[in-house]
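So the chains spell out like this:
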Amino acid sequence: MREAATPWERLRQMLITVGPGALWLGLFVLIPTLIMLVASLMSRGSLGQLVPPFGLHNYLRFFSDPLFLEIIGRSLWIGLWSTVFIMLLGYPLAFYIAQSRHKEVLLLLVVIPFFTNFLIRVYAWIVIFQKEGLLNGLITAFGLPPAELLPSTLAVYVATVYTYLPFFVLPLYAAVERIDWSQLEAAYDLGARPIRAFWEAIFPQTVPGLFEGFLLVFIPAVGTFVIADLLGGGKVTLIGNLIQLQFGSAQNWAFGSAASMVLMAMVLLGLWLYARTQGEKGLDKLV
Amino acid sequence: MEPTLFRGRRERKLGQNLAVRLEGITKRFGDQKAVDNVSLDIRDGEFFSLLGPSGCGKTTLLRMIAGFDTPDEGRVIIGGKDMTEVPPYLRPVNTVFQNYALFPHMTVEQNIAFGLRMKKMPRDEIARRVQWALELINLPGYEKRRTDQMSGGQRQRIALARALVNEPEVLLLDEPLSALDLKLRQELRVDLMNLQERLGITFIFVTHDQEEALVMSDRIAVMNKGRIEQLGPTEEIYELPKTAFVAKFIGDSNLIPAQALEPRKVRTALGEFVLDEEDALTPGQEVLLSIRPEKIRLFRDKPNLPNVFRARIDDIIYTGSENQYVLLADGQRLMCETLNQDIQEPGHEEFTYDEEVWVALTPEKLVVIEGGVEGSNPYA
Amino acid sequence: MKRLLSIHAWLVFAFLYLPIAVIVALSFNQSRFGVRFTGFTFDWYVRLFSNERILEYLTNTLIVAVVSTVVSTVLGTLLAVGLVRHRFRWQNALRYLLYVPVVVPDVVMGISLLLLFDVVRDAIGWPRLSLFTIILAHISFQIAYVTLVVRARLMLLDPSLEEAAKDLGATPWLTFREVTLPLIMPGVVSGALLAFSLSLDDFVVTFFTAGPGSTTLPLYIYSSVKLGVSPEIHALSTLMVGITILVLLLGTLFWRKRA
C-alpha cells in the first residue's frame with residue numbers, strides 16, 4: 001500500500017505545477033504593472049527619462065486639461081458606438097448561423113477574418129478608403145468628384161466595426177447555441193405572440209452572451225491605437241494614440257504611464273461591474 | 001346513455017362534449033411518417049393518455065394539438081373549432097413541458113403570471129390568480145424564489161401551475177414525470193389525478209411508462225410506429241390486448257402461437273387448449289394466445305382443471321412482494337408471478353429450482369390475438 | 001422574417017469578405033497605383049520573394065511564435081493543473097492575475113513590459129530589446145490564455161479517473177503522464193494553437209518590446225503601410241490570408257475526423 005501524500009509531498013507537487021507559471025506572471029505581469037504605477041508618479045527628465053520628484057502631477061495634468069478629457073471621451077464614444085453597430089450586425093447573424101443547416105461552414109466564414117492578421121484587416125480599409133481607392137473609384141465612376149475619405153472618423157468607425165465583429169459573433173453564437181428553444185414554445189403556449197415571445201423567452205437567454213461580446217469588443221476598441229493611427233492619422237486621437245505618442249516621439253514616459261493607468265483603471269472598473277452582474281464564471285467565458 | 005368509464009375502481013361520469021377531435025392526422029419528417037393517419041376523440045373532462053415507446057409519434061401528436069407542429073394531412077378540432085392552422089398562442093390549450101421550460105430569468109411568481117400577463121389581465125387579478133395557483137400546487141410563499149433553486153418536483157409543480165392558471169380547455173402533459181425519481185413520481189401521480197378530478201379540465205398525457213398510464217387514465221391510446229395500436233378504457237387495454245405489441249408493451253405477457261382446431265379449441269406446442277365461450281375461431285386459423293404472468297396458476301399435484309400441462313421451474317426471481325418463476329415446458333419459456341403471501345394453498349404454493357410442476361391456464365384468462373405471430377416483439 | 005435574417009446575414013458576410021477580396025484582387029493587378037484593374041500579373045509576388053528582408057522577418061516571426069508557444073504551453077498547462085488540484089493561500093490573487101493579460105489593452109501590456117525591460121537594463125545592463133524580449137513578452141500573455149483553456153478542460157475531467165489510477169498504484173507523476181495529460185490533451189492542443197496564433201498576430205506588444213534587428217512580419221507591414229500602400233503588401237497579405245484559410249480548413253477537417 002502506498003502512503004497517502006504527506007503535506008511535504010503535496011507542497012512539492014504544488015511548487016512544481018504552480019511555481020513556474022506563478023513566478024512568470026509575477027515577474028512579467030505584476031511587477032511591470034507596479035513599475036508602471038511608480039513611473040506614473042515620476043517626472044520627465046531632460047532626455048525623457050524617468051526622474052524624481054514623485055507626485056500626482058501627471059494625473060492632475062491629465063484630468064485638468066480638456067484636451068485629454070476630450071481624448072478619453074472620444075475613445076469611449078467611438079468604442080461605444082462601434083460596439084453598438086457591431087451588435088446590430090452580429091446579433092441577427094448569430095441566430096442565422098445557429099439555425100442554418102450549414103452552420104459549420106458559416107462559422108468558418110466568421111472565424112477566417114477572426115484569424116486573419118489584424119494589420120491586414122486594417123490595411124484592407126486603407127486600400128478601400130484611400131484617395132485612389134475602391135470607394136473613390138466608384139464615386140468617380142458616377143462622375144462625382146473624389147472624396148477625402150482618409151484620414152477620417154468614418155474610416156476609423158468602419159475599420160473598428162470590421163475588426164472586432166467576429167469577436168462579438170463567436171461568443172454570442174455560443175450563447176444562441178445553448179438557447180433552450182422549448183421556452184419559446186412555452187411562451188407561445190401561454191399566449192405570447194412571436195415578437196413578444198422572442199423578447200420574453202429568447203432575448204433574456206442571450207443577455208450573458210451579449211455582455212460577454214460587449215466586453216470582448218468594447219475593451220479593445222477603446223484601447224486600440226493602430227486603427228486610429230492608420231486610418232485617422234492625426235485627425236482622430238484616442239487614448240491608445242496618446243500613450244503611444246508619450247512613449248514615442250513625445251518622450252514622456254511618466255505621463256504615458258499615467259495615461260496607461262487611467263486606461264487600465266477604466267477597464268478594470270468595467271470588468272468589476274461585469275463580474276458583479278455575471279459572477280466569476282462570466283470572466284472565464286471571456287477567453 | 002352517458003358513457004361510463006372506470007378509473008381505478010371508481011365510476012366516473014364524463015361530459016358528452018368533445019374536447020379534442022383528431023381527424024386523419026398525418027405528419028411526415030422527411031420521408032418518415034411520424035404520425036400516420038390518426039383519428040381519435042377525447043371527451044370533456046377526460047384523463048386521456050397517449051402511451052408508447054420513444055419515437056412512436058405520441059409527442060408529435062401532442063405538439064400538433066398544442067400548435068407547435070402543423071399536420072401534413074388531417075384536422076385538429078379543439079372545443080368544436082377547427083384549429084389545424086391556428087398558432088399556439090391563440091389556442092385554448094396549455095402545455096406542461098417535459099423539461100418544464102420554466103423561464104430561468106423569472107421568479108416563480110413571474111413564471112406563473114406570464115400567461116395572464118399576455119392576456120393583459122389587470123394586475124390585482126393576476127396576483128389573485130397566482131396565489132390561487134400556488135395554493136393549488138401547495139407552494140404558497142414561494143413567489144419570489146428563482147426557479148433554478150428549486151427541486152425537480154417543485155419545478156414540475158410550478159410548470160403545472162403556470163399552465164393551469166390560464167384555465168385551459170385542455171391541458172397537455174408531455175412526460176411531465178419522467179425526470180423525477182420513482183418515489184416522487186408515485187406521489188405526483190396521485191396528486192395529478194386528484195387535481196384533474198377537482199378542476200374537471202381535460203388532460204392529455206403523453207408517457208412511455210405503462211404503469212403511469214394505467215394508474216391515472218380514463219382511456220389510453222397505445223401508439224406504435226405513428227399509428228394507434230389500440231384505444232380503449234384502461235382495464236380493457238390491460239385485460240384484452242388486441243395486438244401482440246399491446247400485450248407485450250403493457251405489462252408482461254406470455255405469447256403462445258396456436259392453431260385453431262375448433263371455434264373454441266386450439267393446438268399449441270404445449271398441448272390442446274380450450275378457450276373462453278366468447279371466442280370463435282375458424283378452424284385452421286393461426287393465432288397468438290396471450291396470458292399475463294400473474295394469471296398462470298401452478299400446482300404441485302395435478303389439478304382437475306382445463307388446459308393443464310407439465311413444466312419445470314427453470315429460474316426463480318425473488319422481488320420481495322412476488323416470486324417470479326421462469327417455466328420451461330417443451331422448449332417454450334413462460335413467466336409466472338405469484339404473490340408472496342404466506343398462505344400455502346393450491347395455486348399459491350412455493351416451489352424450488354428444478355421442481356416439476358403442473359401449470360393451469362384458465363380459459364377466461366387466455367386472450368386470443370388474431371393476426372398471427374408478426375409483431376410479437378414490441379421493440380422490433 | 002427568415003428571409004430578412006438571411007439577407008442580413010449575407011450582407012454581413014459580404015462586408016467581412018469585401019476588403020479581403022479587394023486585397024487579393026489587387027495583388028494580381030499590374031497597375032501600381034489605384035484600383036483600376038489593368039492586367040493580371042505575378043510580378044508583386046516575384047518582387048516579394050526576391051526581397052531578402054521578408055525572409056528574415058518571417059524567420060523572426062516564426063522563431064518568436066514557436067519558442068514562446070512551447071514555453072507558455074508547458075508553463076500554462078502546469079499552472080492549470082496546480083490551480084485545479086491544489087488549494088493554497090494567494091490562490092484567488094493568482095487567478096485574478098491570470099485575467100490581467102487577457103483583459104488589459106495591448107498598449108498597456110506593451111508599455112509596462114517596455115518599462116520593465118528598461119528598468120532592469122538600467123540596473124544590470126541587460127537585456128537589450130531584441131527577439132529575446134519579444135519572446136518574454138509574448139509568453140507573458142500567452143501563458144494566461146493557455147492556462148484558462150486547459151483549466152476549462154481539466155474542470156470537466158472526472159476526478160475519479162485520477163483516483164482510479166492512484167488506486168491502481170500509479171505515483172503522482174505517472175498518474176499525470178498516463179491519465180491526466182492524455183485526457184486534457186485536446187485542451188492543451190487548443191491552448192497551444194491559440195497561443196501560436198496570438199503570437200503570429202501580435203503587433204502592439206511586439207511594437208513596444210522589439211529592438212533593432214528584431215523586426216517581425218506585423219512590424220514590417222505596419223511600417224510599410226505607414227509609408228503608403230504598395231502592391232507587395234497586397235501580395236504578402238494575400239499569402240497570409242491564404243495560409244490562414246488553409247490552416248483553418250485543415251484544422252476543421254482534422255477535428256471533424258476525430259469527432
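Only a predicted model underlies this, so the values are computations on that prediction, with no experimental measurement involved. (Residues numbered from 1 in each chain as written. Chains lettered and ligands numbered in written order. Predicted model: local features only at pLDDT ≥ 70, side-chain atom pairs only at ≥ 80, totals over all residues. Heavy atoms only, no water.)

A.B. asks: Looking at this structure, how should I read empty space enclosed by the protein?
C.D. replies: Using a probe with the size of a water molecule, rolled over the atoms, empty space left in the structure can be pinpointed. Applying the stated criterion across every chain, the model contains three cavities of 30 Å³ or more. Quantified by volume, the largest cavity comes out at close to 70 Å³. In this structure, the largest cavity is lined by A:Phe28, A:Val29, A:Pro32, A:Thr33, A:Met36, A:Met264, C:Val100, C:Val104, C:Val108, C:Met109, C:Ser112 and C:Leu113. At the level of elements, helix 1 (7–40) of chain A together with helix 5 (106–124) of chain C are the ones that each hand at least two residues to the lining of the largest cavity. The element best represented in the lining of the largest cavity is helix 1 of chain A, accounting for five residues. Considered class by class, the residues forming the lining of the largest cavity number 10 nonpolar, two polar and no charged. (1 Å grid on protein atoms, 1.4 Å probe; cavity = no way out; pocket = protein on both sides within 12 Å on 5 of 7 lines; lining within 4 Å. Points joined across faces, edges and corners; volume = space filled by probe spheres on them. Helix = DSSP H or I, 4+ residues; strand = E, 2+ residues; numbered from the N terminus. Nonpolar A, V, L, I, M, F, W, Y, C, P; charged D, E, K, R; others polar.)

A.B. asks: Could you clarify how one ought to interpret the UniProt feature "domain: ABC transmembrane type-1" (unreviewed entry) in chain A in this entry?
C.D. replies: UniProt records the feature "domain: ABC transmembrane type-1" (unreviewed entry) for residues 72–274 of chain A in the present numbering. Here residues 72–274 of chain A is 79% helix and 0% strand, with 21 Å between the C-alpha atoms at its ends. (UniProt positions renumbered as here; feature names shortened; annotations may be inferred.)

A.B. asks: Please clarify how the side chain of A:Gln244 should be interpreted in this entry.
C.D. replies: Here A:Gln244 lies in helix 11 (residues 239–247). Assessed through its relative accessible area of 16%, A:Gln244 is described here as buried. Setting aside chain neighbours within four positions, we find A:Gln244 in contact with A:Phe225, A:Asp229, C:Phe207, C:Phe208 and C:Tyr222. (Buried < 20%, exposed > 50% of the residue type's maximum accessible area, 1.4 Å probe, protein only. Contact = heavy atoms within 4.5 Å.)

A.B. asks: So what exactly am I meant to see when it comes to the sheet that holds strand 12 (residues 227–233) of chain B here?
C.D. replies: What links the strands of a sheet is backbone hydrogen bonding, and the strands pair in either a parallel or an antiparallel sense. Residues and elements named next belong to chain B. Across the sheet, six strands lie side by side as 8-9-10-5-11-12; this open sheet has mixed pairing. The open sheet terminates on both sides in strands that have one partner only, identified here as strand 8 (93–96) and strand 12. Averaged over all neighbouring strand pairs, the angle between strand axes comes to 15 degrees, with direction disregarded. Across four bridges, strand 5 (residues 47–51) lies against strand 11 (residues 219–224) in parallel orientation. Across the sheet, Leu50 pairs through a bridge with Ala221, a residue of strand 11. (Pairing = 2+ DSSP bridges. Axes fitted to C-alpha atoms, helices over the stretch in contact; angles between N-to-C directions.)

A.B. asks: Just to check I follow, could you spell out the UniProt feature "transmembrane region" (unreviewed entry) in chain A for this structure?
C.D. replies: Residues and elements named next belong to chain A. The feature "transmembrane region" (unreviewed entry), as given by UniProt, occupies residues 21–42, 76–98, 105–128, 154–176, 213–233 and 253–275 in the numbering adopted here. In residues 105–128, helix accounts for 92% and strand for 0%; the two terminal C-alpha atoms are 27 Å from one another. In residues 213–233, helix accounts for 81% and strand for 0%; the two terminal C-alpha atoms are 28 Å from one another.

A.B. asks: Quick question: what am I supposed to make of a nonpolar patch on the surface here?
C.D. replies: Residues and elements named next belong to chain A. Nonpolar side chains collect at one region of the surface, where Leu23, Leu27, Leu30, Ile31, Leu34 and Leu37 lie side by side and expose about 510 Å² of accessible area between them. In this fold, Ile31 is placed in helix 1. Classification of Ile31 as partly exposed rests on a relative accessible area of 36%. (Patch = residues over 30% accessible without salt bridge, like charges linked within 9 Å, V, L, I, M, F, W, Y side chains within 5 Å. Areas by Shrake-Rupley, 256 points an atom, 1.4 Å probe, with all protein chains shown as cover. Salt bridge = Lys/Arg side-chain N within 4 Å of Asp/Glu carboxyl O.)

A.B. asks: It is not clear to me how the confidence of the model for chain A should be interpreted in this structure. Could you clarify?
C.D. replies: Segments scoring low in pLDDT should not have their predicted coordinates read at a detailed level. Per-residue pLDDT for chain A has a mean of 85; in total, 94% of the residues score no lower than 70. For chain A, the element scoring lowest by mean pLDDT is helix 13 (residues 280–285) of chain A, at 56; helix 8 (residues 182–189) of chain A scores highest, at 92. (pLDDT = per-residue confidence, 0-100.)

A.B. asks: Is there a simple way to explain the interface of chain C and chain A in this structure?
C.D. replies: Interface size, as often reported, equals the accessible area lost upon joining of the parts. Taken together, the 88 residues of chain C in the interface contact 86 residues of chain A. A salt bridge links C:Lys226 to A:Asp229; its shortest N-O distance comes to 3.1 Å. Here the side of chain C that touches chain A takes 17 residues from helix 1 (residues 2–27) of chain C, the largest share from any one element. For the side of chain C that touches chain A, the per-class residue count stands at 65 nonpolar, 15 polar and eight charged.

A.B. asks: Please clarify how the domain arrangement of chain B should be interpreted in this entry.
C.D. replies: All names here are of chain B. Here chain B is described as being made up of domain 1 (4–244) and domain 2 (252–370). On a C-alpha basis, the centres of domain 1 and domain 2 stand 38 Å from each other. Of the residues lining the interface, eight residues belong to domain 1; the matching set on domain 2 comes to eight residues. Regarding the contact of domain 1 and domain 2, the summed buried area is about 620 Å², with carbon and sulfur atoms giving 51% of it. Seen at the junction of domain 1 and domain 2, the total is one salt bridge. Residues Lys295 and Glu239 are paired through a salt bridge, measuring 2.6 Å at the closest nitrogen-oxygen approach. (Domains from an automatic or database assignment. Buried area = accessible area lost by both parts, 1.4 Å probe.)

A.B. asks: Would you explain the nonpolar core in this entry?
C.D. replies: A general tendency of soluble globular proteins is for nonpolar side chains to be buried together. In terms of nonpolar packing, the biggest core is built from 190 residues, with A:Phe62, A:Val226, A:Leu231, B:Leu50, B:Leu61 and B:Ile204 touching the most fellow members. Core analysis: the second largest hydrophobic core is formed by 36 residues, B:Ala113, B:Leu188, B:Met193 and B:Ile201 among them. (Core = buried A, V, L, I, M, F, W, Y, C linked by side-chain atoms within 4.5 Å.)

A.B. asks: I tried to follow the pattern of salt bridges on my own but got confused; where do I start?
C.D. replies: Side-chain pairs of opposite charge can arise where the charged atoms are in close proximity. All names here are of chain B. Scanning the entire structure with this criterion turns up 31 salt bridges over all chains. In this structure, Arg189 and Asp209 form a salt bridge, with 3.8 Å as the shortest nitrogen-oxygen distance. Taken together, the positions of Arg189 in helix 5 (residues 182–199) and Asp209 in the loop between strand 10 (202–207) and helix 6 (210–216) put the pair 20 residues apart, joining distant regions of the chain. For the pair shown, Arg189 and Asp209 are each scored as buried.

A.B. asks: Honestly, the sheet that holds strand 21 (residues 356–361) of chain B in this entry has me stumped. Any pointers?
C.D. replies: Residue and element names in this part refer to chain B. Overall, antiparallel pairing links the five strands, which are arranged 17-21-18-19-20 in an open sheet. Unpaired on one side and paired on the other, strand 17 (296–299) and strand 20 (332–339) mark the two borders of the sheet. With direction set aside, neighbouring strand axes in the sheet form an average angle of 45 degrees.

A.B. asks: I'm lost on the interface of chain A and chain B in this one. Help?
C.D. replies: Taken residue by residue, the interface counts 17 residues in chain A and 24 residues in chain B. On the chain A side of the contact with chain B, A:Glu185, A:Asp189 and A:Leu190 bury the most area, a combined 38% of that side's loss. One can count two salt bridges joining chain A with chain B. For B:Arg117, the salt bridge identified is with A:Glu200, shortest N-O distance 2.4 Å. Inspection of the region where chain A meets chain B yields seven residue pairs in polar contact (both at pLDDT 80 or more). Elements with a contribution of two residues or more to the side of chain A that touches chain B: helix 8 and helix 9 (194–223) of chain A. If you tally residues by element for the side of chain A that touches chain B, the top one is helix 8 of chain A, at seven residues. Grouping the amino acids of the side of chain A that touches chain B by side-chain chemistry returns eight nonpolar, three polar and six charged. (Polar contact = N/O pair within 3.5 Å; in protein donor to acceptor, adjacent residues only side chain to side chain.)

A.B. asks: How should I be thinking about the UniProt feature "domain: ABC transporter" (unreviewed entry) in chain B in this particular structure?
C.D. replies: Per the UniProt record, the feature "domain: ABC transporter" (unreviewed entry) sits at residues 20–250 of chain B. A distance of 25 Å separates the end C-alpha atoms of residues 20–250 of chain B, which is 36% helix and 27% strand.

A.B. asks: Looking at this structure, how should I read the confidence of the model for chain B?
C.D. replies: Residues and elements named next belong to chain B. The share of residues in chain B with pLDDT of 70 or more is 92%, and the mean pLDDT across the chain is 86. Contacts for the low-pLDDT stretch residues 1–9, under 50 throughout, to residues beyond four places or in other chains number 31 contacts. Every residue in residues 372–380 scores below 50 in pLDDT, and together they form 14 contacts with partners more than four places removed in sequence or on other chains.

A.B. asks: I would appreciate a short explanation of the packing of helix 2 (residues 108–118) of chain B against helix 4 (residues 152–164) of chain B in the present structure.
C.D. replies: Packed helices, taken two at a time, are described by the angle between their axes plus the distance between the axes. All names here are of chain B. Contact geometry for helix 2 and helix 4: axes closest at 7 Å, N-to-C directions at 30 degrees. What the angle tells us is that helix 2 and helix 4 run roughly parallel. Pair helix 2 / helix 4 crosses with right-handed handedness. Here Val108, Asn111 and Ile112 of helix 2 lie close against helix 4, whose contacting residues are Ile158, Ala161 and Arg162. Among the residues forming the contact of helix 2 with helix 4, the class breakdown is four nonpolar, one polar and one charged. (Parallel < 35°, antiparallel > 145°, perpendicular 65-115°, else oblique. Left-handed = near helix turned anticlockwise from the far one by under 90°.)

A.B. asks: I keep staring at unusual backbone geometry and nothing clicks. Help me out?
C.D. replies: Backbone phi values are negative for most residues with the exception of glycine, while trans is the configuration of most peptide bonds. Geometrically, the link from C:Trp126 to C:Pro127 is a cis peptide bond, its omega value of 5 degrees lying close to zero. Position of C:Pro127 relative to the elements: it lies in the loop between helix 5 and helix 6 (131–155). Positive phi outside glycine occurs at B:Ala101, with the angle close to 50 degrees. Mapped onto the elements of the fold, B:Ala101 is located in the loop between strand 8 and helix 2. Notably, B:Asn307 is not glycine yet its phi reads approximately 55 degrees, a positive angle. Take B:Asn307: it is sitting in the loop between strand 17 and strand 18 (308–318).

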